[in-house]
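Fold and contact review
Chain residues, written in single-letter form:
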Amino acid sequence: MKFPVLILILLSTALAMPATESASLVLRADQSGPVIHRNLYGHFAEHLGRCIYGGIWVGPDSPIPNTRGIRNDVIAALRAIKVPVLRWPGGCFADEYHWKDGIGPREKRPSMINTHWGGVVENNHFGTHEFMDLCELIGAEPYICGNVGSGTVQEMMEWVEYLTSDAQSPMANLRRANGRDLPWKVKYFGVGNESWGCGGNMRPEYYADEYRRYATFTKNYPGNQLYRIACGANSDDYNWTEVLMQQVGQRMNGLSLHYYTLPTGDWPKKGAATGFPEAEWFSTLKQTLRMEELLARHIAIMDRHDPAKKVGLIVDEWGTWYDPTPGTNPGFLEQQNSLRDAIVAAINFHLFHRHADRIHMTNIAQTINVLQAMVLTDGPRLVLTPSYHVFEMFTVHHDATALPVTLTTPDYAFGEGKVPAVSASASRDAAGKVHVSLANAHPHAAITVACTVTGHRAAKVTGRVLTAAAMDAHNTFAAPETVKPATFTGATLTGDQLTVTLPAKSVVVLEL
Ligand code: AHR
């Protein structure tokens, strides 16, 4: 009796473990899509847990090597991925932040309680000047989020004046007294954050009026033109987008969207960052692919009100959100980052590229030590995450022209469900080089992609791959290079035919 049962088990296991599968891709290098603005690779750093304090700011007297208080290792890491734009100071924190508490001599700055994130004392040592210094050091444009929830119109108006006015005016003179003579250039300015939730629990009609009032007083001082971003929808709240487009329209330059990928889709029990079962690898993919529908439906509403596509969609918070690392302050939102996060990042970038004519910016949450981080730190130590490596590999797409791709992919099936196994995107850079990025989300099957390339005669193909043996492979301070890019040898070129064998659970970037 035992023998046939064993055969049955072996047979069903063999059926569940596919060998190499096949996909096909047509890359139209003779056609041009929209430019993939580098800001689609933007970041977000909030006063939350160890993102700013410890992660970025250690203070000028720290034994950790720093430049005016900002960690040198973090500066180098962020420069290497060409962070184009950095959103700050929140998040929920933005709507309780009073910028005047964060200027002047640091020892005289008042403290506050960070009520949203762990109830810890915020000493305001990292404020406007420190943030603008960080942006200059890493070569990023600032994206400042103003306080609508608990701040006044005057306060927001004066922050813009302090930052960008060169007049002999009270705020510009205060900035000069604090050591900065010339005004900064600040383009991106957010008028509140999640005003439907932590930013004030407003209804869209009410927020639309608040936006109009606050935005009126954010002035364009000579030499500085603001790009004003209104608080947008929480994931599938399409009514929010409808109301904002109708009642604010082109008084805003950008409208935001927040969507987080939770493995279970359930906030109280989101799922673990590592040590998860395949069911949660699969459900994470499923959840992250919801972004496809969210983008399509929000953009359809925007298109209806703004067919000329003047207002940008700004996905200024996205990424994975897991249960916090055991033993850490749950309010600090610390989580490990694995190969699964790398696949999530690649899939989302492919979606963002597809809508690059409407999406002006996205900001991964968050840069250091929080949620889907690029970098983890522990005192003087620093480790780069798998997500970091995807951001680095995809820098080839920054400001490149998207090329249309038509992909036919097998599914990755799990239980009753299935998702497309492969996702892909291509672009041509200013030097004429074509780059193709591919992600294989299937955790077991290698997939051979037969690519037809039209309109580009490539002499050779080179590439890099990010993969590892385990679904939750990740980098630690003890083993910082478990997941890192390697030379890819799985692509061959014959005439206009490119054949690429993607390992299971991998991200590949090719140069033609
Ligand atoms: O990124 C963490 C938090 O998520 C942000 O503060 C808030 O805007 C969102 O709910």
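As the structure is a prediction and not an experimental result, all values here were calculated from the model.

Here is what the cut-offs are and how they apply
Residues numbered from 1 in each chain as written. Predicted model: local features only at pLDDT ≥ 70, side-chain atom pairs only at ≥ 80, totals over all residues. Heavy atoms only, no water. Helix = DSSP H or I, 4+ residues; strand = E, 2+ residues; numbered from the N terminus. Rg over C-alpha atoms; globule rule 2.2 N^0.38 Å. Buried < 20%, exposed > 50% of the residue type's maximum accessible area, 1.4 Å probe, protein only. Pairing = 2+ DSSP bridges. Axes fitted to C-alpha atoms, helices over the stretch in contact; angles between N-to-C directions. Disulfide = S-S within 2.5 Å. Contact = heavy atoms within 4.5 Å. pLDDT = per-residue confidence, 0-100. Core = buried A, V, L, I, M, F, W, Y, C linked by side-chain atoms within 4.5 Å. Parallel < 35°, antiparallel > 145°, perpendicular 65-115°, else oblique. Left-handed = near helix turned anticlockwise from the far one by under 90°. Nonpolar A, V, L, I, M, F, W, Y, C, P; charged D, E, K, R; others polar. Near = heavy atom within 4 Å. Polar contact = N/O pair within 3.5 Å; in protein donor to acceptor, adjacent residues only side chain to side chain. Areas by Shrake-Rupley, 256 points an atom, 1.4 Å probe, with all protein chains shown as cover. Salt bridge = Lys/Arg side-chain N within 4 Å of Asp/Glu carboxyl O. Arc of directions from axis to C-beta.

To continue, consider the overall build of the chain. What the chain contains, in helices and strands, is 11 helices and 28 strands. Against the 2.2 N^0.38 benchmark of 24 Å for 512 residues, the chain shows a C-alpha radius of gyration of 23 Å, consistent with a compact globule. Taken along the three principal axes of its C-alpha coordinates, the chain extends 85 × 50 × 45 Å. Buried residues in the chain amount to 58% of all 512 residues.

Attention now goes to the sheet that holds strand S18 (residues 405-408). Spatially, five strands are ordered S18-S1-S23-S27-S26 in an open sheet, and the strand pairing comes out mixed. Pairing within the sheet leaves two strands with one partner each, and these edge strands are S18 and strand S26 (491-494). Going from strand to strand, the sheet's axes swing by 15° on average, the running direction of each strand aside. Pairing of S26 with strand S27 (residues 497-502), which is carried by four bridges, proceeds in the antiparallel orientation. By the bridge assignment for S27, Thr 492 is matched with Thr 499.

The full count for this structure, using the stated rule, is one disulfide. Residue pairing for Cys 92: its cysteine sulfur links by disulfide to Cys 198, the two sulfurs lying 2.2 Å apart. Looking along the S-S bond of the Cys 92-Cys 198 disulfide, the torsion reads about -90°, which is the left-handed sense. Of this pair, Cys 92 sits in the loop between strand S6 (85-88) and strand S7 (112-114) while Cys 198 is found in the loop between strand S10 (188-191) and helix H6 (204-216), placing the two residues 106 residues apart along the sequence. With a relative accessible area of 11%, Cys 92 lands in the buried category. Take Cys 198: its relative accessible area is 27%, and that puts it in the partly exposed class. Not part of a disulfide, Cys 51 finds its nearest cysteine sulfur in Cys 135, a span of 12 Å.

Here the focus is the environment of Tyr 41. By the secondary structure assignment, Tyr 41 is in the loop between strand S2 (35-36) and strand S3 (42-44). Along the primary structure Tyr 41 and His 397 are separated by 356 residues, whereas in three dimensions their C-alpha atoms are 9.4 Å apart. If we skip the residues at most four places from it in the chain, Tyr 41 touches Ile 36, Pro 84, Phe 349, His 353, Thr 362, Phe 391, Phe 394, His 397 and His 398.

Quick look at the confidence of the model for the chain now. Of the residues in the chain, 96% reach a pLDDT of 70 or more, and the chain-wide mean stands at 96. Here residues 8-15 is a poorly scored stretch, pLDDT under 50, and it has zero contacts once near neighbours within four places are set aside; other chains count.

Below, the discussion takes up the nonpolar core. Counting 149 residues, the largest nonpolar core has Leu 27, Leu 295, Val 500 and Leu 510 as the members making the most contacts within it. Counting seven residues, the second largest nonpolar core, distinct from the first, contains Val 85, Tyr 227, Ile 229 and Ile 314.

For the rest of this paragraph, the subject is the packing of helix H7 (residues 238-247) against helix H9 (residues 290-305). The geometry of H7 relative to H9 is characterised by a closest axis approach of 9 Å and an angle of 25° between their N-to-C directions. Of the possible angle classes, the one that applies to H7 and H9 is roughly parallel. Crossing of H7 against H9: the hand is right-handed. Residues Tyr 238, Thr 241, Glu 242, Met 245 and Gln 246 of H7 form the contact with H9, whose participating residues are Glu 293, Leu 294, Arg 297, His 298, Ile 301, Met 302, Arg 304 and His 305. Partitioned by chemical class, the residues of the contact of H7 with H9 number five nonpolar, four polar and four charged.

Here the bond from Trp 88 into Pro 89 is cis, since omega is 5°, no more than 30 degrees from zero. Considering the arrangement of structural elements, one finds Pro 89 in the loop between S6 and S7. With phi around 50°, Arg 68 is a residue other than glycine that occupies positive phi space. Mapped onto the elements of the fold, Arg 68 is located in the loop between strand S4 (66-67) and strand S5 (70-71). At Glu 194, a residue that is not glycine, the phi angle is positive and equals roughly 40°. With respect to the secondary-structure elements, Glu 194 resides in the loop between S10 and H6.

Around the ligand sit 13 residues, and of these Glu 46, Cys 92, Glu 194, Tyr 260 and Glu 317 come closest. Within the side chain of Glu 194, a nitrogen or oxygen atom sits 2.8 Å from an oxygen atom of the ligand. In isolation the ligand has 290 Å² of accessible area, and contact with the protein removes 94% of it. Partitioned by chemical class, the residues of the shell around the ligand number seven nonpolar, three polar and three charged.

With that settled, the discussion passes to the sheet that holds S10. Spatially, S3-S6-S9-S10-S11-S12-S13-S14 is the arrangement adopted by the eight strands of the closed barrel, whose pairing is parallel. The mean angle between the axes of side-by-side strands here comes to 30°, regardless of whether they run parallel or antiparallel. One ladder, built from four bridges, connects S6 with strand S9 (residues 141-146); its direction is parallel. Pairing of Leu 86 across the sheet is with Pro 142, part of S9. Along the sheet face, helix H10 (residues 339-354) touches strand S13 (312-320) and strand S14 (359-365) and points at about 165° away from the line of S13.

Here the focus is the pattern of salt bridges. Tallying each qualifying case throughout the model produces 28 salt bridges. A salt bridge links Lys 433 to Glu 511, with the shortest nitrogen-to-oxygen separation between them at 3.8 Å. Remark: Glu 511 occurs in strand S28 (residues 506-511) and Lys 433 occurs in the loop between strand S21 (422-428) and strand S22 (434-440); sequence separation between them is 78 residues. Lys 484 is the partner of Glu 481 in a salt bridge, and the nearest nitrogen-oxygen pair spans 3.1 Å. Within the structure, one salt-bridge network assembled from shared partners comprises Asp 303, Asp 306, Lys 309, Asp 357 and Arg 358.

So, about helix H2 (residues 72-80). Along H2, the residues classified as buried are Val 74, Ile 75, Ala 77 and Leu 78. Viewed along the axis of H2, the buried residues span an arc of 165°, placing them on a single side of the element. Close packing links the buried residues of H2 with S4, S5, helix H3 (128-138), strand S15 (375-378), strand S16 (381-384) and helix H11 (386-393). Looking one or two residues beyond H2, the residue adopting positive phi is Lys 82, at roughly 55°.

What follows is about the side chain of Thr 385. Summarising the element assignment, Thr 385 is placed in the loop between S16 and H11. When its relative accessible area of 2% is taken as the criterion, Thr 385 is described as buried. At a separation of 2.8 Å, a polar atom in the side chain of Thr 385 contacts the main-chain carbonyl oxygen of Ala 373. With residues near it in sequence (within four places) discarded, Thr 385 still touches Asn 337, Ala 373, Met 374, Val 375, Leu 376 and Asn 475.

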